[in-house]
Amino acid sequence: MAVTKELLQMDLYTLLGIEEKAADKEVKKAYRPLSCHPDKNPDNPKAAELFHQLSQALEVLTHAAARAAYVKVRKAKKQAAERGGGEPEHQGNRARDRTPERRGFPAAGGTAEADAGAETPGA
């Protein structure tokens, strides 16, 4: 079970209404009454989305490796927020910050003027 970016944006514990230290049995117990299968709720347009989210939460929180990965990322995000950095994906684009333009060089293919005293090749 891979923990997707979508899952990392959700608080699976709050979604299921459980504590972070809940055992697998408690996770399954919390899931059952919340399960909103779209076939049994055809009048609810959000039933499919909710069912999908609840099913993913159940799968992640009852699979040891997936849960460990989820907990690790949540912990890192919490620590980043406490440092004042916010969520990692909102800290800026470091690759963009390393571009030549950001470092004071002209853009590739730009019209950089040659230094006045510089020799040109073949001259």
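The numbers attached to residues start from 1 for each chain and follow its sequence in the written order. Reporting in this predicted model follows two pLDDT cut-offs: at least 70 for local features of residues, and 80 or more for side-chain atom pairs to be given and counted; totals over whole chains, interfaces and linings ignore these cut-offs and use all residues. The side-chain quantities take in all heavy atoms of the structure and omit both hydrogens and water.

- If you check an unreviewed UniProt entry, the chain appears there as DnaJ homolog subfamily C member 17 from Aotus nancymaae.
- UniProt positions are given in the numbering used here, feature names are shortened, and annotations may be inferred rather than shown by experiment. The Function (unreviewed entry) comment attached to the chain in UniProt states, word for word, "May negatively affect PAX8-induced thyroglobulin/TG transcription."

## With respect to the overall build of the chain
- Runs of E in the DSSP output that reach at least two residues are strands. Runs of H or I that reach at least four are helices, and both are numbered from the N terminus. On a plain count of helices and strands, the chain comes out with six helices and zero strands.
- Starting at the N terminus and walking to the C terminus, you meet the elements of the chain as α-α-α-α-α-α.
- Per-residue burial for the chain yields a buried fraction of 20% across its 123 residues.
- Pairs of residues are marked as contacts when any of their non-hydrogen atoms sit within 4.5 Å. Within the chain, contacts between residues separated by at least 24 positions form 57% of all contacts whose residues are at least 6 apart in sequence. Type-normalised accessible area, obtained with a 1.4 Å probe on protein chains alone, sets the label of each residue: buried when under 20%, exposed when over 50%, and partly exposed for intermediate values.

## Digging into the packing of aromatic side chains
- Ring geometry is summarised as follows: Phe, Tyr and Trp rings, the Trp one being its six-membered ring, pair when their centres sit within 6.5 Å, and such pairs are stacked at plane angles under 30 degrees, edge-to-face over 60 and tilted between the two. If you walk through the whole model with that rule in mind, you get one aromatic pair.
- Consider the rings of Y13 and Y70, whose centres lie 6.0 Å apart with planes at 50 degrees: the pair is tilted. On the criterion of sequence distance, the pair formed by Y13 in helix 2 (residues 12-16) and Y70 in helix 5 (residues 64-82) is long-range, its members being 57 residues apart. Like Y13, the residue Y70 is buried in the burial classification.

## Re the side chain of R67
- Within the secondary structure, R67 is located in helix 5.
- Nitrogen and oxygen atoms within 3.5 Å of one another constitute a polar contact, given that in protein one can donate a hydrogen and the other can accept it, and given that sequence-neighbouring residues count only through two side-chain atoms. Within the local environment of R67, its side chain forms a polar contact with the backbone oxygen of L61, the two atoms lying 3.1 Å apart.
- Not counting residues within four places of it along the chain, the set of residues in contact with R67 comprises Y13, E20, K21, A22, D24, V27, V60 and L61.

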